[in-house]
Amino acid sequence: MKKIRTTPPRHFPYQHPTFGTDKKPKTPRHWEDTVYYWWWAYLKRSEKYLKTCELGGKGELAKLYKDFGDVRGDSFKTWWNEKLSDDNSRGAHLFANPIKADRLTLLEDGEIAVVNKSKLVISVPLNLPQKFLVDRFRKLVEENHSGAKGMKYAKASEATYKFSGQPNIKALRIGLKIYDLAKANPDLTLWELGLDLPQFQEELSQYKKDSIPFDLRRTISSTVSRYKKRVAESIRNTELGYFPNKDEM
């Protein structure tokens, strides 16, 4: 029997995670290639927030905890799909547009239409053939819709928590990898932390580790330092309820 949807679909400013079903689960890239996964992953690195989780939601970041909950688990899927008291999932509650913002609304007699740049108000003569009306509606939308995708759609989002800018998933992934590596290996130098950076692999292939030129080591160190600084900044920003990302790291 086909499962009947009891709640309307939710819309997100950016690609949202999908997990598949128990019988046909999707691969990790279907959630790891979304900015929402990395927001969760960066918040997990906040010592202040983890302390609040340990205290059951009490402490310096108690207000943020009411929305984001406990992030100490290893399963992003479990955290994202957690049902809240309003029957929303955690992910939809945080990052989706409000249901009212995504609805086509039938105005009642005498009701005043709200007209602005994000809404198209039309009057439909129901004595005309349905096919004609559908075709005309499609043309009206095409003529008046700005094609708001990506950044434009994100800027117009009414989600509770908004990502600032355009996501650079590759940079978010690499930056956090370096951040974690540095935490786990405090004795490594900056250039040693960056030996696996993809942008240096072709050049590094020409040398053994102990013969890497000073100028190349300095360039790698500068890049790693920039990653670490921006990751630390992004982690602090998750504590404030937003998650900016630089287009270039």
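Residues numbered from 1 in each chain as written. Predicted model: local features only at pLDDT ≥ 70, side-chain atom pairs only at ≥ 80, totals over all residues. Heavy atoms only, no water.

Draft legend 1. Main features of the overall build of the protein. Secondary structure assignment for the protein yields 12 helices and 2 strands. Taking all 249 residues of the protein together, 33% fall into the buried category. Nonlocal contacts in the protein, meaning residues at least 24 apart in sequence, comprise 59% of its contacts between residues at least 6 apart. (Helix = DSSP H or I, 4+ residues; strand = E, 2+ residues; numbered from the N terminus. Buried < 20%, exposed > 50% of the residue type's maximum accessible area, 1.4 Å probe, protein only. Contact = heavy atoms within 4.5 Å.)

Draft legend 2. Seen up close, the packing of aromatic side chains. A full pass over the atoms with the stated rule returns 25 aromatic pairs. Between F76 and W79 the ring centres are 5.9 Å apart and the planes differ by 35°, which places this aromatic pair in the tilted class. In this pair, F76 and W79 both sit in helix α5 (residues 76–81), 3 residues apart, roughly one turn of the helix. Each member of the pair, F76 as well as W79, carries the same accessibility label: buried. (Phe/Tyr/Trp six-rings, centres within 6.5 Å; stacked < 30°, edge-to-face > 60°.)

Draft legend 3. Region of interest: the pattern of salt bridges. Tallied over the full model, the rule gives 9 salt bridges. The residue D180 makes a salt bridge to R45 at a minimum N-O spacing of 2.5 Å. With a gap of 135 residues between them, D180 in helix α9 (residues 169–184) and R45 in the loop between α2 (35–43) and α3 (47–54) connect regions that are remote in the sequence. Taking relative accessible area as the criterion, D180 reaches 28% and is therefore assigned partly exposed. In this structure R45 comes out as partly exposed when scored by relative accessible area, which is 25%. In this structure, the salt-bridge partner of D215 is R218, at a minimum N-O distance of 3.3 Å. Of this pair, D215 and R218 both sit in helix α12 (residues 214–239), separated by 3 residues, roughly a single helical turn. (Salt bridge = Lys/Arg side-chain N within 4 Å of Asp/Glu carboxyl O.)

Draft legend 4. Looking closely at the environment of L197. Positionally, L197 belongs in the loop between α10 (190–193) and α11 (201–204). Classification of L197 by relative accessible area gives buried; the value is 3%. For the pair L197 and I174, spaced 23 residues apart in sequence, the C-alpha to C-alpha distance is 7.7 Å. In contact with L197, not counting residues within four places along its chain, are I174, I178, T223, V224 and Y227.

Draft legend 5. Main features of the nonpolar core. Membership of the largest hydrophobic core comes to 36 residues, with the highest contact counts inside it found for W38, Y49, F68, W79 and F95. Where this core is concerned, the elements lending two or more residues are α2, α3, α4 (62–68), α5, α6 (90–95), α9 and α12. With 9 residues, α2 is the largest single contributor of residues to this core. The contacts of W79, once residues within four sequence positions are left out, are W40, F68, D70, V71, R90, L94 and F95. (Core = buried A, V, L, I, M, F, W, Y, C linked by side-chain atoms within 4.5 Å.)

Draft legend 6. Structural view of a nonpolar patch on the surface. Together, I122, V124, L126 and F137 make up a nonpolar patch on the protein surface, roughly 380 Å² of accessible area in all. With respect to the helices, strands and loops of the structure, F137 is situated in helix α7 (residues 130–144). Here F137 falls in the partly exposed class, since its relative accessible area comes to 39%. (Patch = residues over 30% accessible without salt bridge, like charges linked within 9 Å, V, L, I, M, F, W, Y side chains within 5 Å. Areas by Shrake-Rupley, 256 points an atom, 1.4 Å probe, with all protein chains shown as cover.)

Draft legend 7. Local environment of the packing of α9 against α12. At a closest axis distance of 9 Å, the pairing of α9 and α12 adopts a crossing angle of 95°. With respect to α12, the axis of α9 lies roughly perpendicular. Contacts between α9 and α12 involve A171, I174, G175, L176, I178, Y179 and A182 from the former and V224, Y227, K228, V231 and I235 from the latter. (Axes fitted to C-alpha atoms, helices over the stretch in contact; angles between N-to-C directions. Parallel < 35°, antiparallel > 145°, perpendicular 65-115°, else oblique.)

Draft legend 8. Structural detail: α2. Across the 9 residues of α2, 9 count as buried, placing the element largely inside the fold. V35, Y36, Y37, W38, W39, W40, A41, Y42 and L43 are the residues of α2 that are buried.

Draft legend 9. The side chain of S221, seen in detail. Counting through the fold element by element, S221 comes out in helix α12. At a separation of 3.3 Å, a polar atom in the side chain of S221 contacts the main-chain amide nitrogen of W191. When near neighbours in sequence (up to four residues on either side) are disregarded, S221 contacts L190 and W191. (Polar contact = N/O pair within 3.5 Å; in protein donor to acceptor, adjacent residues only side chain to side chain.)

Draft legend 10. Here's a closer look at α9. Between its terminal C-alpha atoms α9 stretches 23 Å, which fits the 22 Å expected from 16 residues at 1.5 Å a residue. Residues I169, A171, L172, I174, G175, L176, I178, Y179 and A182 constitute the buried set of α9. (Expected span 1.5 Å × (residues − 1).)

Draft legend 11. How the structure looks around the confidence of the model for the protein. Looking at the protein as a whole, its pLDDT mean stands at 84, while 78% of the residues score no less than 70. For the protein, helix α8 (residues 151–155) is the element with the lowest average pLDDT, namely 53, and α10 is the one with the highest, namely 98. A low-confidence stretch, residues 1–6 stays under pLDDT 50, and its non-local contacts, those more than four residues away or across chains, total 0 contacts. (pLDDT = per-residue confidence, 0-100.)

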